[in-house]
Amino acid sequence: LSLCDLSRQCMAAMDRRLAVAGAATVNKKLEEPVVAVEVARKGIRPGGALFISSSMPIRDLDMYASVVGGGQQAVVALGCNRGASGIDGVLSSALGFSSALARPVTLLIGDTALLHDIGALQAVASAKHPMTIVVVNNGGCGIFNFLPIAKHSDVFEKFFANPHSTDLGAAAAAFGIKFLRASSPAELDLAFNDTLKGSAHVLIEAVTEMSNVIPVHKELGAAARRAAEQTLEEAVDLSYHWHGLAVPGRPVLMLLHGFLGCSADWDPLLSEIAKHDGEGYSCLVVDLPGHGSSSSGRGQLPQVLAVSWEATVALLLKLLDRLQVSRCALVGYSLGGRLALQLAAEDPKRFWAVCSIGGNPGLEDPIERLKRRDADAVLACQLRGLSSWQRSNGTPVAAAAQGEHMSAELLEHEVSAQRKGGFIASGKQQEVRWREWLHTWYKQPLFGDLRRCSSFSAIIQRREHSDPAVMADVLQGSSPGRVPSTWGVV
């Protein structure tokens, strides 16, 4: 998916949050992502390179420093040990990196990793090229706070957090290395300015708090999430309406239609549902993104992302939040049934019942997932071919079906071939007409006797107003071959 524009929005939100955290005020505490950002911005000597330790430093640098800062980062050679874990010998590796490049190196390292290789400070003292060692010192192994073991205080402190009170200043002095300590953004800024003025080896201790590791990272994630949700809501306008009085205390049903459908598909049932068991239900009837009256993406968000499975789930949950629906039941058929199961998986406390009609909970076998993903990709390609033919002929989607028809037998063969993983010649794709394609689609056994229903013509007429290209994005983005299985909910 094309995520570039959305990513920029998220990164801008994190940049604003980091800018606040990194504001040069003496009383502000230092936060670990800020250290990574400031190292990338200001901590590398002219002509120098950067070596990054495993554990949290490489994660923070990758997540924050490489994407924020408005181009203030230096473009330098980067080095790290293989893998995201393993903290032995990091200081020695950075020395080798500096020697091989024959240039100054800044090392961003955690306190525990430094302690595992502290003897290498002797080699630093005699190194040919200046070393800047920035040590993030939170008094132990902060990364393990992200793991479930952190809840088990009886073993966490001793065996995982590994608290220490090592005097890093004394360690640096023992090897004749210049030492600076920073416990605020302002002090870190001064330390970098001091370091860049000379050519001495320097160890900078960036003091952070262990208790702040999780809250800071959660807050940054929340800032990015808010930016993503705002962009999504601005790009997709979900159409919905209430049937039955939406009054406090009355049970709410959210009704979700299937692929190619719209909220009007529920019309024949709404009156009965609304008066069920005397009191009835308040029915929230929604047009899914790209369907009915809902938009399929505008502004900076690409259409393929606006109608994706992930975006649809997020938008439906946000809609319930906006309407202050804290508890409801879900009823969906086909694609809507699958979405109902996914919503229940995402927020199980909100939904007191799920009715999924023809909603496959998904595929778990990797081979079957791959086959289905490929089959849906081929079918999506055919739909895009349909859309291309209509655009090139200047024919509106709803009117395209009024032209010359291909044989239903040929179309039936083509749809069947796709479901078996076959390919259709591109020339034939553009010859297929939207109305005939819809008729053939509903000949599939899974739709049973739907074509014999008196309302089938009305169903087809509603489908004709859909854009095949948008439906292609929906089909491919919500393929059971790529979305999570919800058998756990069942």
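Residues numbered from 1 in each chain as written. Predicted model: local features only at pLDDT ≥ 70, side-chain atom pairs only at ≥ 80, totals over all residues. Heavy atoms only, no water.

**So, the overall build of the protein**
Within the protein one finds 21 helices and 11 strands. Within the protein, the fraction of its 490 residues that count as buried is 48%. Contacts in the protein between residues at least 24 apart in sequence constitute 80% of all its contacts with a sequence separation of at least 6. Here the protein has roughly 23000 Å² of accessible surface; of this, 54% comes from carbon and sulfur atoms. (Helix = DSSP H or I, 4+ residues; strand = E, 2+ residues; numbered from the N terminus. Buried < 20%, exposed > 50% of the residue type's maximum accessible area, 1.4 Å probe, protein only. Contact = heavy atoms within 4.5 Å. Areas by Shrake-Rupley, 256 points an atom, 1.4 Å probe, with all protein chains shown as cover.)

**Structural notes on the pattern of salt bridges**
What the rule picks out here adds up to 18 salt bridges. Between E38 and K42 there is a salt bridge, with the nearest N and O atoms lying 3.1 Å from each other. Taken together, the residues E38 and K42, both in helix α2 (residues 32–42) and 4 residues apart, mark about one turn of the helix. On the accessibility criterion, E38 (11% relative accessible area) is buried. Accessibility expressed as a relative area gives 32% for K42, which makes it partly exposed. Via salt bridges that share partners, E38, R41, K42 and D189 belong to a single interconnected network. (Salt bridge = Lys/Arg side-chain N within 4 Å of Asp/Glu carboxyl O.)

**Overview of helix α19 (residues 434–441)**
For α19, a buried count of 6 out of 8 residues is recorded, marking the element as mostly surrounded by other parts of the structure. Turning to α19, its buried residues number three or more, namely W434, E436, W437, L438, T440 and W441.

**Focus on empty space enclosed by the protein**
Empty space among the atoms becomes visible once a probe the size of a water molecule is rolled across them. This structure, assessed with the given rule, holds 3 cavities of 30 Å³ or more. Roughly 70 Å³ of volume is contained in the largest cavity. As for the largest cavity, its lining consists of L288, P289, H291, V307, S308, W309, T312, L335, L339, V474 and S478. Of all elements in the fold, only α13 (309–322) and α14 (335–346) reach the threshold of two or more residues within the lining of the largest cavity. (1 Å grid on protein atoms, 1.4 Å probe; cavity = no way out; pocket = protein on both sides within 12 Å on 5 of 7 lines; lining within 4 Å. Points joined across faces, edges and corners; volume = space filled by probe spheres on them.)

Note that every value here comes from positions in space, so none of it alone points to a role or purpose.
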